[in-house]
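These are the residues of each chain, in order.
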Amino acid sequence: MGLKTRKIKVRDLVIGGGALISVQSMCATRTRDIDATIRQAEDLRKKGADLVRIAVDNKNDVTALAEIRKATQARLVVDLQENFLLAESVAPHVDKIRYNPGHLHHLDKRRPVRDKVAWLVSIAKAHGIALRVGVNCGSVAPEFLERHNGDHVNAIVESAAWHCDLLDELHFTDYVVSLKDSDPEKVVACNKEFSKRRPDVPIHLGVTEAGLLPDGVIKTRIAFEQLIPLGIGDTLRVSLTLTNAEKPEEITWGRKILRDIEEGRFVSVPDFGKGLNIISCPSCSRVENAGFVDLAQQVKAMTAYAKEHRLTIAVMGCRVNGPGETDDADLGLWCGPSAVTLKRKSISLGTFRYNEVLPVLRKELDALVARQ
Ligand code: SF4
């Protein structure tokens, strides 16, 4: 808990300024499936989630969100990716808006990012809600990646710092920042560097797409055990690839990791990550096919024979972060409604039906293993 960070309020929840580190999660149900999303939001709240995030991409999701708001006491955060223009219609139904600086350039292209952020601030001020600047390795704003020659850590830190300076210029202080990567060591580097530059800004901690159990928890611990004892981190999420019924386990693990750190039980495995690394997203309303979690589990099972080989395989649930996040993986799969795109680094190897992609993945992995 950052003693030096300023206090912000998300409805009645205090984040920063030495407040207890809050634990949050995100619904993986389709937002427009109102009943399922209410159920999941309530399950997360009853499990102790301080905040529950919900993805919104279109007007149907906004209509559903209004109904969800009426049916749950959970403090709600809306996750806006490409369609930041929905901020005005979602603001009355939530306590915080997360925007992704790396997706602000997709819509309304002629309008400078500066104006878009000023508009988001005007809405947050009008509704008395907080903002999160959520920078993610899978979607860093192109101009920052170019400026830092593809160096993700510096690009992520610079992007976050640039948005903080802009929000300060706009006299808006009710914001937190997240700097996420799927590599726990990069999460440590980003957050250490950022908190040195902006010790006043509350931080949302997380290893993005940490993946399936137990690897997802181990990766998360590697980052959290190095950052939280330094006073870095004011709220956190453990991003795990779980079925909808298991989703509340993200809260259980978040609380357990905090308790262990508080009681000096450090369990991260220093040698972890020397072999096969499976990255997979925690899924959300944008997931293109309900078979995503199954596919991620099948990939893990099928590739176990290569566990000694230092290779990364990424399995992503949709086209929002899928294409970007799979670019750096040795082999990557990102899901579409009826087919999966398979890639070797940034090269597409084609699109395959869900029940046909594993043998192709096996052949590609065999080739990489043979080369090692
Ligand atoms: S990759 Fe897509 S489905 Fe997975 S968490 Fe990100 S936005 Fe959601």
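First, a word on what this report is: a plain description of the structure on this page. All residue numbers refer to positions counted from 1 along the written sequence of the respective chain. Local features in this predicted model are restricted to residues of pLDDT 70 or higher, and side-chain atom pairs are both shown and tallied only at a pLDDT of 80 or more, whereas totals for entire chains, interfaces and linings draw on every residue. To get the side-chain values, all heavy atoms of the structure are used, and hydrogens and water are removed first.

Here an axis means a line fitted to C-alpha atoms, over the contact stretch when the element is a helix, while the angle between two N-to-C directions is reported on a 0 to 180 degree scale. In this description a helix means any DSSP run of H or I spanning at least four residues, a strand means any run of E spanning at least two, and both kinds are numbered starting from the N terminus. At a minimum axis separation of 9 Å, helix α6 (residues 152–169) and helix α7 (residues 184–197) run at an interaxial angle of 35°. Like other packed secondary-structure pairs, α6 and α7 cross with a definite hand, here right-handed. From α6, Val153, Ile156, Val157, Glu158, Ala160, Ala161 and Cys164 reach across to α7, where they touch Lys186, Ala189, Cys190, Glu193, Phe194 and Arg197. Note on convention: near helix rotated counterclockwise from far helix by under a right angle means a left-handed crossing. Clockwise means right-handed. Residue contacts are counted whenever heavy atoms from the two residues lie within 4.5 Å of one another.

Moving on to helix α2 (residues 59–71). Here, expected helix span is obtained from the residue count minus one, scaled by 1.5 Å. With 13 residues, α2 extends 19 Å between its outermost C-alpha atoms, agreeing within 8% with the 18 Å of an ideal straight helix rising 1.5 Å per residue. Looking only at α2, the buried set comprises Asp61, Val62, Ala64, Leu65, Ala66, Ile68 and Arg69. Residues of α2 that are buried make contact with α1 (34–46), β4 (51–55), β5 (76–80) and α3 (87–90). Its side-chain oxygen placed 3.2 Å from the backbone nitrogen of Asn60, Asn58 serves as the N-cap of α2. Burial classes follow relative accessibility: with a 1.4 Å probe on protein chains only, a residue under 20% of its type's maximum area counts as buried, one over 50% as exposed, and anything between as partly exposed. Here a polar contact is recorded for every N or O atom pair within 3.5 Å, except that within protein the pair must consist of a potential hydrogen donor and a potential acceptor, and residues adjacent in sequence are included only if both atoms are side-chain atoms.

Let us look at the site of the ligand. Near, as used in this document, describes a residue that has one of its heavy atoms within 4 Å of the molecule or strand being considered. Around the ligand sit Cys281, Pro282, Ser283, Cys284, Arg286, Val287, Met316, Gly317, Cys318 and Asn321, and those are all the residues in its vicinity. Lining residues are those with an atom within 4 Å of a point, where the points come from a 1 Å grid over the protein atoms alone and group into cavities, where a 1.4 Å probe fits but cannot get out, or pockets, open sets with protein on both sides within 12 Å along at least five of seven lines. To decide whether a molecule occupies a pocket or cavity, check its atoms: if more than half lie within 2 Å of the grid points, it is inside. At a threshold of 2 Å from the grid points, most atoms of the ligand map onto the largest cavity. Gly is placed with the polar residues, together with every amino acid not listed as nonpolar (Ala, Val, Leu, Ile, Met, Phe, Trp, Tyr, Cys and Pro) or charged (Asp, Glu, Lys and Arg). For the shell around the ligand, the residue count by class is six nonpolar, three polar and one charged.

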